[in-house]
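A look at the structure
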Amino acid sequence: MSWDYFVFFAIAALLCWGIGAGAAWKEKRAAWVYGFTLLGLAVFFSFIVAMWISLERPPMRTMGETRLWYSFFLPLAGLITYTRWKYKWILSFSFILSLVFICINLFKPEIHNKTLMPALQSPWFAPHVIVYMFAYAMLGAAAVMAVYLLWLKKKAPDRQELDLCDNLVYVGLAFMTLGMLFGAVWAKEAWGHYWAWDPKETWAAATWFGYLVYIHFRLDRPSAYRKSLIILLVSFVLLQMCWYGINYLPSAQGVSVHTYNIG
């Protein structure tokens, strides 16, 4: 499978996700929502699998490859949220976010080759990245909800909307914790130690503690929702630094063992 075919799979998947999101927004039959959203996921995942076979390794090395997983998990996270809490707008938001990351990959494709450094030739590589991408998708949905509640919604948020933010963070942080544990085992196998406090790991710890602060603040002061939502957005900024911002920091150049995903 060549990267040149990505545009066809992306357009087909986006059309399906768009129809599913529209059906959810207009409160059409559930079969339309689930049918088209799942079809889009199947189309997009088939490209990921084909790339996996073509590259002879998991497509998770470059930023472009990790954006593939993020684009896939966003609609999946939206569908899970819709199934659990029936928010008709969540699939539209996940569709828009996925569209943004797909467009980035279309207009700025990154190198996709078969080269895989020895540290990445580990059975922990794939589960570590996949779990993290799902966590990022859930926490991305929580950030979108926080922006909506802080600046787009004119009325004060109701209990159900705040509960959605909490539940998304609970799930996202749980998967992030699992991803960190996978990463620790992988690091022990690859470099001989579980944690080294290199720049990437330091930002990962800051991100984890940021979301932990949000959870404890919400439990301690449930009425101070604006402050908690701001904490949530600050945590999401930390997540962005942990994900790709670290690649552009001078302190990480030639120091961090995690800068192998550049270009």
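Scroll up a little and you will see the structure.
Residues numbered from 1 in each chain as written. Predicted model: local features only at pLDDT ≥ 70, side-chain atom pairs only at ≥ 80, totals over all residues. Heavy atoms only, no water.

This part takes up empty space enclosed by the protein. The tally for this structure, following the rule as stated, stands at three cavities of 30 Å³ or more. Estimated volume of the second largest cavity: approximately 40 Å³. When residues of the lining of the second largest cavity are traced back to their parent elements, those giving at least two are helix H4 (90-107) and helix H5 (125-152). A total of four residues in the lining of the second largest cavity trace back to one element, the largest contributor, which is H4. Each residue belonging to the lining of the second largest cavity can be placed in one class, and the counts come to seven nonpolar, one polar and no charged. (1 Å grid on protein atoms, 1.4 Å probe; cavity = no way out; pocket = protein on both sides within 12 Å on 5 of 7 lines; lining within 4 Å. Points joined across faces, edges and corners; volume = space filled by probe spheres on them. Helix = DSSP H or I, 4+ residues; strand = E, 2+ residues; numbered from the N terminus. Nonpolar A, V, L, I, M, F, W, Y, C, P; charged D, E, K, R; others polar.)

In this section: the packing of aromatic side chains. Applying the stated criterion across every chain yields a total of 25 aromatic pairs. Aromatic pair Phe-6 and Phe-47: ring centres 5.2 Å apart, planes at 50°, arrangement tilted. Taken together, the residues span a long stretch of sequence, with Phe-6 in helix H1 (residues 6-25) and Phe-47 in helix H2 (residues 30-55) at a distance of 41 residues. For Phe-47, a relative accessible area of 0% translates into the label buried. Relative to Phe-101, the ring of Tyr-70 has its centre 4.6 Å away and its plane inclined at 75°; by these criteria the two rings are edge-to-face. Residue Tyr-70 is located in helix H3 (residues 63-85), and its partner Phe-101 is located in helix H4; the two are separated by 31 residues in the primary sequence. Each member of the pair, Tyr-70 as well as Phe-101, is classed as buried. (Phe/Tyr/Trp six-rings, centres within 6.5 Å; stacked < 30°, edge-to-face > 60°. Buried < 20%, exposed > 50% of the residue type's maximum accessible area, 1.4 Å probe, protein only.)

We now examine the nonpolar core. Core analysis: the biggest nonpolar cluster contains 73 residues, and Phe-44, Tyr-70, Tyr-136, Met-176, Tyr-211 and Leu-232 have the highest contact counts within it. When residues of this core are traced back to their parent elements, those giving at least two are H1, H2, H3, H4, H5, helix H6 (159-191), helix H7 (199-220) and helix H8 (225-243). Here this core takes 18 residues from H5, the largest share from any one element. With sequence-adjacent residues up to four places away left out, Phe-44 is seen in contact with Phe-6, Ala-13, Trp-17, Leu-68, Ser-71, Phe-72 and Ile-102. (Core = buried A, V, L, I, M, F, W, Y, C linked by side-chain atoms within 4.5 Å. Contact = heavy atoms within 4.5 Å.)

This part is about a nonpolar patch on the surface. There is a patch of nonpolar side chains on the surface, built from Phe-45, Val-49, Trp-52 and Ile-53 and spanning about 350 Å² of accessible area. Following the sequence through the fold, Phe-45 ends up in helix H2. (Patch = residues over 30% accessible without salt bridge, like charges linked within 9 Å, V, L, I, M, F, W, Y side chains within 5 Å. Areas by Shrake-Rupley, 256 points an atom, 1.4 Å probe, with all protein chains shown as cover. Salt bridge = Lys/Arg side-chain N within 4 Å of Asp/Glu carboxyl O.)

The N-to-C vectors of H6 and H8 enclose an angle of 30°; their axes lie 12 Å apart at closest approach. One way to sum up the angle between H6 and H8 is to call them roughly parallel. Along this stretch, H6 crosses H8, giving a crossing that reads as left-handed. For the pair formed by H6 and H8, the contact residues are Leu-162, Cys-165, Val-169 and Met-176 on the first element and Tyr-225, Leu-229, Leu-232 and Leu-239 on the second. (Axes fitted to C-alpha atoms, helices over the stretch in contact; angles between N-to-C directions. Parallel < 35°, antiparallel > 145°, perpendicular 65-115°, else oblique. Left-handed = near helix turned anticlockwise from the far one by under 90°.)

Bringing the environment of Leu-229 into the picture now. Tracing the backbone shows Leu-229 in helix H8. Taking the C-alpha atoms as reference points, Leu-229 and Cys-165, separated by 64 residues in sequence, lie 8.6 Å from one another. What Leu-229 contacts, discounting residues up to four positions off in sequence, is Ala-146, Leu-149, Leu-150 and Cys-165.

Further remarks concern H6. Here H6 is 33 residues long and its end C-alpha atoms lie 46 Å apart, about the 48 Å a rise of 1.5 Å per residue gives. Sitting at the head of H6, Asp-158 places a side-chain oxygen 3.2 Å from the backbone nitrogen of Gln-160. With its phi angle positive at about 90°, Gly-192 sits one or two positions after the end of H6. (Expected span 1.5 Å × (residues − 1). Polar contact = N/O pair within 3.5 Å; in protein donor to acceptor, adjacent residues only side chain to side chain.)

So, about H7. A rise of 1.5 Å per residue sets the reference length of H7, with its 22 residues, at 32 Å; its end C-alpha atoms lie 31 Å apart and thus fit the reference within 8%. Considered for burial, the residues of H7 that qualify are Pro-199, Lys-200, Glu-201, Ala-204, Ala-205, Thr-207, Gly-210, Tyr-211, Tyr-214, Ile-215, Phe-217 and Arg-218. Buried residues belonging to H7 abut H5, H6 and H8.

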